[in-house]
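# Structural overview
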Amino acid sequence: MQKPANARGTRDFGPTEMAKRNYVFDIIKTHFQGFGFQTIETPAIENLSTLTGKYGEEGDQLLFKIVNSGDYLSKVSASDIEAGSKSFTSKISEKGLRYDLTVPFARFVAMNRNDLAFPFRRYQIQPVWRADRPQRGRYREFYQCDADIIGSDSLVNEAELIALFQSIFHSLKLRVNLFINSRKILAGIVDSLGESARFVSFAVALDKLDKIGWENVAKELIQNGFTEEKTEAIKDLVLFDGSNEEKIAKLTTFFDTNATGLQGLSEIKEVLSLSETNGFTAENLVFDYKLARGLSYYTGLIYEGKAVDLPFGSIVGGGRYDDLTSSFGLPNMSGVGISFGIERILDVMEELNLFPEIATSASAILFTYFDEEGRKASLGMANELRKAGIPAEVYPDIAKIKKSFEFADKKKIAYVAVIGESELKEGKANVKNMKNGEQNLLSISEMTALLKA
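Residues numbered from 1 in each chain as written. Predicted model: local features only at pLDDT ≥ 70, side-chain atom pairs only at ≥ 80, totals over all residues. Heavy atoms only, no water.

### Examining the overall build of the protein chain
Assigned secondary structure in the protein chain consists of 18 helices and 16 strands. Sequence-distant contacts, at least 24 apart, represent 70% of the contacts inside the protein chain between residues at least 6 apart. Computing the positive centroid from 55 side-chain charges and the negative centroid from 62, the protein chain places the two 5 Å apart. (Helix = DSSP H or I, 4+ residues; strand = E, 2+ residues; numbered from the N terminus. Contact = heavy atoms within 4.5 Å. Lys, Arg positive; Asp, Glu negative; His and termini not counted. Charge placed at Lys NZ, Arg CZ, Asp CG, Glu CD.)

### As for the environment of A233
Within the secondary structure, A233 sits in helix α11 (residues 228–238). Counting along the chain gives 129 residues from A233 to A362, while the straight-line C-alpha distance between them is 59 Å.

### Considerations on the side chain of Q126
Mapped onto the secondary structure, Q126 falls in strand β5 (residues 120–129). At 3.0 Å, the side chain of Q126 forms a polar contact with the backbone nitrogen of T42. Among the polar contacts made by the side chain of Q126, one reaches the side chain of Q124 at a distance of 2.8 Å. For Q126, the residues in contact, after removing those within four places along its chain, are I40, E41, T42, R98, L101, F142, Y143 and Q144. (Polar contact = N/O pair within 3.5 Å; in protein donor to acceptor, adjacent residues only side chain to side chain.)

### Thoughts on α11
Among all positions in α11, only T231, I234, L237 and V238 are buried. The buried residues of α11 occupy one face: seen down the axis, they fall within an arc of 115 degrees. Residues of α11 that are exposed and point more than 90 degrees away from the buried face comprise E228 and E229. (Buried < 20%, exposed > 50% of the residue type's maximum accessible area, 1.4 Å probe, protein only. Arc of directions from axis to C-beta.)

### A closer look at the packing of aromatic side chains
On inspection of all chains with the given rule, the structure shows 16 aromatic pairs. Summarising the aromatic geometry, the rings of F32 and F340 are spaced 6.0 Å apart at their centres and angled 55 degrees between planes, so their arrangement reads as tilted. Highlighted residues: F32 in helix α1 (residues 15–34) and F340 in strand β11 (residues 335–341), separated in sequence by 308 residues. Judged by its relative accessible area of 0%, F32 is buried. Taken together, the ring pairs connect F32, F37, Y123, F165, F169 and F340 into an aromatic cluster. (Phe/Tyr/Trp six-rings, centres within 6.5 Å; stacked < 30°, edge-to-face > 60°.)

### Some words on the sheet that holds strand β8 (residues 285–287)
With mixed pairing, eight strands are arranged side by side in an open sheet as β1-β5-β6-β11-β10-β9-β7-β8. Both outer strands of the open sheet, β1 (38–39) and β8, are each paired with one neighbouring strand and no more. Across five bridges, strand β9 (residues 301–307) lies against strand β10 (residues 314–321) in antiparallel orientation. Each bridged residue has a counterpart across the sheet, and for Y303 the counterpart in β10 is G318. (Pairing = 2+ DSSP bridges.)

### Brief notes about a negative patch on the surface
Taken together, D241, E245, E246 and E276 make up a surface patch of like negative charges. Here E245 lies in helix α12 (residues 244–255). (Patch = residues over 30% accessible without salt bridge, like charges linked within 9 Å, V, L, I, M, F, W, Y side chains within 5 Å. Areas by Shrake-Rupley, 256 points an atom, 1.4 Å probe, with all protein chains shown as cover. Salt bridge = Lys/Arg side-chain N within 4 Å of Asp/Glu carboxyl O.)

### Topic: the sheet that holds strand β3 (residues 65–67)
Here three strands make up an open sheet; going across it, the order is β2-β4-β3 and the pairing antiparallel. Each edge of the open sheet carries a strand with a single partner, namely β2 (45–47) and β3. Neighbour-to-neighbour, the strand axes of the sheet open up by a mean angle of 45 degrees, direction not taken into account. Both β3 and strand β4 (residues 93–97) contribute to a ladder of three bridges, which runs antiparallel. Bridging across to β4, I66 finds its partner in K95. (Axes fitted to C-alpha atoms, helices over the stretch in contact; angles between N-to-C directions.)

### A closer look at the packing of α1 against helix α7 (residues 156–172)
Packing of α1 against α7 leaves a shortest axis separation of 10 Å and a crossing angle of 145 degrees. Handedness of the crossing formed by α1 with α7: right-handed. Mapping the contact onto sequence places Y23, V24, I27, I28, H31 and F32 in α1 and L164, S167, I168, S171 and L172 in α7. Residue composition of the contact of α1 with α7, by class: eight nonpolar, three polar and no charged. (Left-handed = near helix turned anticlockwise from the far one by under 90°. Nonpolar A, V, L, I, M, F, W, Y, C, P; charged D, E, K, R; others polar.)

### Examining the pairing of strand β12 (residues 365–369)
Burial of β12 is extensive: five of the five residues sit out of reach of the surface. By the alternation rule, side chains of β12 split into I365, F367 and Y369 and L366 and T368, which are all buried. The pairing of β12 with strand β13 (residues 392–394) spans three bridges and is parallel. Bridging across to β13, F367 finds its partner in V394. With five bridges joining them, β12 and strand β14 (residues 415–419) adopt parallel strand pairing. Bridge pairing links I365 to Y415 in β14.

### Brief notes about unusual backbone geometry
Going from F118 to P119, the amide bond is cis rather than trans, its omega being 0 degrees. Assignment of secondary structure puts P119 in the loop between α6 (102–111) and β5. Here the phi dihedral of K173 falls at roughly 60 degrees; this positive angle occurs in a residue that is not glycine. Positionally, K173 belongs in the loop between α7 and β7 (176–182). Of the residues examined, K173 reaches a relative accessible area of 65% and is grouped as exposed. The backbone phi angle of D256 is positive, close to 55 degrees, even though this residue is not glycine. Mapped onto the elements, D256 comes out in the loop between α12 and α13 (259–275). Given the relative accessible area of 57%, D256 is considered exposed.

Okay, structure coming up:
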């Protein structure tokens, strides 16, 4: 007999885990709606032509590809196999599981451009899949919670997403710093060094700084053609530790007259200034010009959020993309988005013990009884409570009362209503508070008032 097991990098969630997940989902969704975002959904399966070429070479390698149905091998020749994986894969696979929610969103916008009011605010909460190596905080199947504003290049949108970020984590009582930078600043750095053609290799190497340290990043830069002198100049910048104002001053001097870099700095200053007016403290906003974000579709400001009290990697990411919809036939459609990594947020909150006491049972009350008459009365009372919007369930079997109490305790149901002969005569139920043991004989109206209090 085969031992049951999950596919590597995936997980099951029982009632306790789902109660916590829904607690966080509900808070995020409430704030998304509070900021005027409308919800959409896109299919789990996308054409590979939609997905490939949007995430950089490393991202393309992590796409889960779906083998074509039918006799797909008949299209494959020996020369295809000899040519390598790309040629072979293109013959046997035309579709894949979505890697993120942003690229499918860009496709959706291009396909529905005539039906949307721009700027369009959308939120999306759905699973994504990546063929990554599973480890702490990193899974092959996980949910993303995205909010995007597309059809406007105003920096007010960046400021709004920062306010959204702050409001969500304020409600979750989780301290998170939001690190911000601009791809224009990164482009300005390599441009000032005369290495504009090496921007991609520079950004890819810099994105690994927290994982592999400066020495290894420096080696990678030199391997990609940067001289030791220019690598030292990059080191002087990215390892500088100062306030937001001090970093802006240092870069202003470095850029001198470089238009791209100065434009990026101007945008950073404006967004920081706007964010000081949103009612939240700006102390957790950190200008960090070594932040690169590996996804190749970002063109402007980029974000990354990290928990203050637990080293756990990024739990929020996002940024500005100016040209993503053009690959789907819709040019000049600038957008900006932010994505909340729900799995890592949950893991951090669990480790920091930040969850309040959450009811894991859907039912507020359990009805139990001694005989057939009690069962009929229980079914009627339970339905009366449900009509009043109170979730209730009926224990299905005539059994010892102790058994139904143990059942309620295991499910963490707050109240148990017992209907015996005397309760039937009065048309009431003996309701026990499972937490403090207090018992009262209550009518339906009294039960409703108690459970709605």
